[in-house]
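Single-letter residue listing:
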Amino acid sequence: MSHPVILNVDDNEAARYVKSRILRQGGYDVVEARTGVEALEKAKHDKPDLMLLDVKLPDVSGLDVCRLIKVQIPRLLVLQISASFVTPGDRATGLDSGADAYVTQPVEPTELLATVRALLRLKRAEQEAQESYELYRAIVQSAVDYAIVTLDLEGKVRTWSNGAQQVLGWSEEEMIGQPVDRLYTPEDRAQGAPAADRELAATESGMHVDRWHCRKDGGQLWASTSLVPLRAHMDAVTGYILVLRDRTIEKNEQDAMQRANVWLEREVGARTSALTEANEQLRREIEERERAEQALRQAQKMEAVGQLTGGIAHDFNNMLTVVLGTTEALKGALPAEAKAQHRRADLVMQAATQAAALTHRLLAFSRPQPRDPKPTNLNALIGGLIDMLRRTIGESIALETDLAESLPTVLVDANQLENAILNLAVNARDAMPDGGTLTLRTAAAKSGWITLAVTDSGAGMPPEVARRALEPFFTTKRTGEGTGLGLAQVYGFMQHAGGQLRIESAEGKGTTVELHFPELPEGTRHSETARDVSSGTFRGEGRQALVVEDQQGVREYVAETLSHLGFEVLTAADAEAALRLLEIDSPVDLLMTDIGLPGGTDGWRLAAIARKLAPGLKVVLMTGYAQSNLEPLGTDSELLMKPFVRAALETRLMRLFSS
């Protein structure tokens, strides 16, 4: 038995060799071509079963080759592959050119072979369906069971053949002058099918359909029905010829063999059940392949970044937490007249904030981020960010707000939205090296969308740059000054939030980035996040907090901060020690724990166990990188990304304890 033949078309010798080797190991015969012209010639000469076609060829575009193949050899399957054109739009263009499937390279051998097998199964199913159809057509042509009846314009029987009596059971005497309606099922009569058939036949020069008809004995038969008008001179319709061909035996045999895939009723030229099953199987495999492609693209795109940052992100953010928090405390202790020392402290905090933003940007693309969407008031969230924004953009840039009154709430992850706003603020700051104005504006539209706009008075972007602004790693900054991840991260966040992002920019006129969120339906319960917690200072007198953190510097900083807020503070370096304190000590009101803990019990698990020991416990989960647990946090919980400042901690404590 001969093996299927695959035509592998790629001008890159190394890539062509790898794919050919994979296909041969999979049991296929492989023919190779380096150019589009050579591919067309070998497709005609070698008659392959499938063409593995690289989109980018030196002489003719792979898309054009695909179009020519589908015109010249329409039965040849084409699997397009590309390492350059990998966006959903590129795949759509490839499929529109006639490709049967589309993969990106480098491609996993198992994925390539699975895709080839799926396409060849489809081809075999189509061939089997065609053979089945030809066999069925031969049977139909040789059948002799016909009922031939002539009707007048009103649908009354004029003549009744012997075949009609044999097929339907009524004699000629019983049917002459009777309406043909009695041959139709009660359902078709109720829908007016007899009159509609005559009207259609008169206007379309004939009507052909497969349907159920009634027999004299009360049974039904499945028949191919043709109703053709009889025309006299001047093309006037004088009556109709009704031809019924009994196909009941065929249908019963088909139903018995494969009842799950019956012929589709009332569709001329219904496809066979084998093709329907093959199409459904192909659809499932395409969906599985698309999911695999999406995961592969994400893994390939961020493999280098993930390897570089994933292992050190936790420790790096722990160090930044100590640097940022300690510097903030030192700045607060400086006398007001020590302006030089204040400036130096601001520089340290600004550098630490920028380093944290860079780490978050890289991690956002190297692994999924935990999401905890809650009803959120944008005005309150912006108010809690003002101090951090001022430190981020520096003294040369004025920060202004224009916040709409009575702003409805939106469902969003407040922590990720804060990071998005900080990313936009950093981009705006970089666009105004000589100073300027950064404006945050909120507004509610009648259409039910809530807008948060970030506007700078910087240099703006030309159209060609604005069109690519959302692409990952695209940047106009000099080497070492930017990663090109900020806007792409914000765009990804908006997609997960069910919102929209729009950029308006012109050279010399600044840039506005608008984030549009759907308004929560009226009556939706507002959570603590919707409260205005931006004013005042949180105090924790009379409450006890337990800080669980394996890094001593972070643990001491968090404990000291909570003590300054009025809490009585207990500390533990791991989950085991924390649980002992919860079991033997006085009731704890707040558990503030790092997610990544030693000893096998992480912060998620510790929080779950602690809540059983102390019902009503408030929990703040700290993390320097995304964890594998992406479930929503639930009530009485907040997520705090490292590094953080005291204001960010106070904001979350206000939300937790304001209810």
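What counts and how
Numbering of residues starts from 1 in every chain and runs along the sequence as written. This being a predicted model, a pLDDT of at least 70 is required before a residue's local features are given, and a value of 80 or more before pairs of side-chain atoms are given or counted; all residues contribute to the totals for chains, interfaces and linings. Here the side-chain values reflect all heavy atoms present in the structure, with hydrogen atoms and water set aside. Known as pLDDT, the predictor's per-residue confidence is scaled from 0 to 100. Two residues form a contact once any of their heavy atoms are found within 4.5 Å. Whenever a carboxyl oxygen of Asp or Glu lies within 4 Å of a side-chain nitrogen of Lys or Arg, that contact is scored as a salt bridge. Only DSSP runs of H or I covering at least 4 residues are called helices, and only runs of E covering at least 2 are called strands; the numbering of each starts at the N terminus. Burial classification: accessible surface area is computed with a 1.4 Å probe over protein chains only, and a residue below 20% of its type maximum counts as buried, one above 50% as exposed, and the rest as partly exposed. With axes taken as lines fitted to C-alpha atoms, and helix axes fitted only over the stretch in contact, angles between N-to-C directions fall between 0 and 180 degrees. Should an angle fall under 35 degrees it is called roughly parallel, over 145 degrees roughly antiparallel, and 65 to 115 degrees roughly perpendicular, with every other angle called oblique. Should the near helix be turned anticlockwise from the far one by less than a right angle, the crossing is termed left-handed; should it be turned clockwise, right-handed. Amino acids are sorted into nonpolar (Ala, Val, Leu, Ile, Met, Phe, Trp, Tyr, Cys and Pro), charged (Asp, Glu, Lys and Arg) and polar (every other residue, Gly among them). For Phe, Tyr and Trp, rings pair up if their centres lie within 6.5 Å, where Trp contributes its six-membered ring, and each pair is then called stacked (planes under 30 degrees apart), edge-to-face (over 60) or tilted (otherwise). Definition used: whenever NZ (Lys) or CZ (Arg) falls within 6 Å of the ring centre and also within 35 degrees of the ring normal, the charge is taken to sit over that ring. In the analysis that follows, any N or O atom pair within 3.5 Å is treated as a polar contact, provided that within protein one partner can donate a hydrogen and the other can accept it, and provided that, for residues neighboring in sequence, both atoms belong to side chains. Note on pairing: two strands pair once DSSP finds at least 2 bridges between them. Nonpolar cores were defined as sets of buried Ala, Val, Leu, Ile, Met, Phe, Trp, Tyr and Cys residues, with membership established by side-chain atoms within 4.5 Å.

What to know about the confidence of the model for the protein chain
So, point 1. Overall, the prediction assigns the protein chain a mean pLDDT of 82, with 84% of residues at 70 or greater.
So, point 2. Confidence drops under a pLDDT of 50 for residues 136–143, and excluding neighbours within four residues, the segment shows six contacts in the predicted structure.
So, point 3. pLDDT under 50 marks residues 525–535. Its contacts with residues more than four places away, or in other chains, come to 30 contacts.

Examining the pattern of salt bridges
So, point 1. A full pass over the atoms with the stated rule returns 31 salt bridges.
So, point 2. With a shortest N-O distance of 2.8 Å, Asp-64 and Arg-67 are connected by a salt bridge. Remark: Arg-67 and Asp-64 occur in helix 3 (residues 62–72); sequence separation between them is three residues, near one turn of the helix.
So, point 3. Between Glu-280 and Arg-283 there is a salt bridge, with its nearest N and O atoms 2.5 Å apart. One end of the pair, Glu-280, and the other, Arg-283, are both in helix 11 (residues 273–333), three residues apart, so they sit about a helical turn from each other.
So, point 4. Residue classification places Arg-283 among the partly exposed residues on the basis of a relative accessible area of 37%.
So, point 5. Via salt bridges that share partners, Glu-280, Arg-283, Arg-284 and Glu-287 belong to a single interconnected network.

With respect to the packing of helix 13 (residues 378–393) against helix 14 (residues 414–430)
So, point 1. Running from amino to carboxyl end, helix 13 crosses helix 14 at an angle of 40°, the nearest separation of the two axes being 10 Å. Relative to helix 14, the element helix 13 lies oblique. Note that helix 13 runs across helix 14; the crossing there is right-handed. Residues Leu-378, Leu-381, Ile-382, Leu-385, Met-388, Leu-389, Thr-392 and Ile-393 of helix 13 form the contact with helix 14, whose own contacting residues are Ala-414, Leu-417, Glu-418, Ile-421, Leu-422, Ala-425, Val-426 and Arg-429.
So, point 2. For the contact of helix 13 with helix 14, the residue count by class is 13 nonpolar, one polar and two charged.

Quick look at the packing of aromatic side chains
So, point 1. The final tally for this structure, using the stated rule, is five aromatic pairs.
So, point 2. Note on Tyr-557 and Phe-644: the rings are 6.0 Å apart at their centroids and 40° apart in plane angle, and the pair reads as tilted. Of the two residues, Tyr-557 is situated in helix 17 (residues 552–564) and Phe-644 in the loop between strand 22 (637–641) and helix 20 (646–657); the sequence distance between them amounts to 87 residues.
So, point 3. Look at Tyr-557 and you get buried, because its relative accessible area is 7%.
So, point 4. Its end group placed over the ring of Trp-222, Lys-251 keeps NZ or CZ at 4.7 Å from the ring centre.

Some thoughts on the side chain of Arg-429
So, point 1. Mapped onto the elements, Arg-429 comes out in helix 14.
So, point 2. You can call Arg-429 buried: its relative accessible area is 13%.
So, point 3. Reaching out from Arg-429, the side chain makes a polar contact with the backbone oxygen of Thr-392 at a distance of 3.1 Å.
So, point 4. Among all residues touching Arg-429, those that are not within four sequence positions of it are Gln-350, Gln-354, Thr-392, Ile-393 and Ile-397.

Thoughts on the sheet that holds strand 7 (residues 157–160)
So, point 1. With antiparallel pairing, five strands are arranged side by side in an open sheet as 7-6-10-9-8. The open sheet has two edge strands with one neighbour each: strand 7 and strand 8 (207–214). The average angle at which neighbouring strand axes cross in this sheet is 30°, direction not considered.
So, point 2. Looking at chain direction, strand 6 (residues 146–151) and strand 10 (residues 237–246) are connected through six bridges and run antiparallel. Each residue of the ladder has a partner; that of Val-149, found in strand 10, is Leu-242.

Some details on the environment of Gly-394
So, point 1. For Gly-394, the position within the fold is in the loop between helix 13 and strand 12 (397–402).
So, point 2. A relative accessible area of 16% means that Gly-394 is categorised as buried.
So, point 3. Once the C-alpha coordinates of Gly-394 and Asp-346 are considered, the two residues, 48 residues apart in sequence, prove to be 8.3 Å apart.

Structural notes on the sheet that holds strand 1 (residues 5–9)
So, point 1. Pairing within the open sheet is parallel, and its five strands lie in the order 2-1-3-4-5. The open sheet is flanked by strand 2 (29–33) and strand 5 (101–104), the only strands paired with a single partner. Each strand of the sheet is rotated relative to its neighbour by a mean of 20°, with strand direction disregarded.
So, point 2. With four bridges connecting them, strand 1 and strand 3 (residues 50–54) associate as parallel partners. Looking across to strand 3, one finds that Val-9 is bridged to Leu-53.
So, point 3. Of the strands in this sheet, strand 1, strand 2, strand 3 and strand 4 (77–82) are in contact with helix 1 (residues 13–25), which crosses strand 2 at around 165°.
So, point 4. Packed on one face of the sheet, helix 2 (residues 36–46) meets strand 1, strand 2 and strand 3 and runs near 145° to strand 2.

Digging into the packing of helix 18 (residues 575–584) against helix 19 (residues 603–613)
So, point 1. At a minimum axis separation of 10 Å, helix 18 and helix 19 run at an interaxial angle of 10°. Here helix 18 is positioned roughly parallel relative to helix 19, judged by the angle of their axes. Here helix 18 contributes Ala-575, Ala-578, Leu-579, Leu-582 and Glu-583 to the contact with helix 19, which in turn contributes Leu-606, Ile-609, Ala-610 and Leu-613.
So, point 2. Taken together, the residues that form the contact of helix 18 with helix 19 break down as eight nonpolar, no polar and one charged.

Topic: the environment of Tyr-17
So, point 1. Looking at the secondary structure, you find Tyr-17 in helix 1.
So, point 2. Note: C-alpha distance between Tyr-17 and Glu-32 (15 residues apart in sequence) is 9.1 Å.

Some remarks on the nonpolar core
So, point 1. Counting 67 residues, the largest nonpolar core has Leu-438, Phe-517, Leu-562 and Leu-653 as its most contacted members.
So, point 2. Apart from residues no more than four positions distant in its own chain, Phe-517 is found in contact with Leu-378, Val-410, Val-412, Leu-417, Gly-448, Trp-449, Ile-450, Leu-452, Phe-493, Met-494 and Ala-497.
So, point 3. Core analysis: the next-biggest nonpolar cluster, separate from the first, contains 24 residues, Leu-546, Val-588, Leu-591 and Ala-607 among them.

Some details on unusual backbone geometry
So, point 1. At the junction of Gln-105 and Pro-106, the peptide bond is cis and its omega measures out at 10° in the coordinates.
So, point 2. Assignment of secondary structure puts Pro-106 in the loop between strand 5 and helix 5 (109–142).
So, point 3. In this structure, Pro-643 follows Lys-642 across a cis peptide bond, with omega equal to -10°.
So, point 4. For Pro-643, the position within the fold is in the loop between strand 22 and helix 20.
So, point 5. You will see that Lys-47, though not glycine, has its phi angle at about 50°, which is positive.
So, point 6. Inspection of the secondary structure puts Lys-47 in the loop between helix 2 and strand 3.
So, point 7. The backbone phi angle of Ser-406 is positive, close to 50°, even though this residue is not glycine.
So, point 8. With respect to the helices, strands and loops of the structure, Ser-406 is situated in the loop between strand 12 and strand 13 (410–412).

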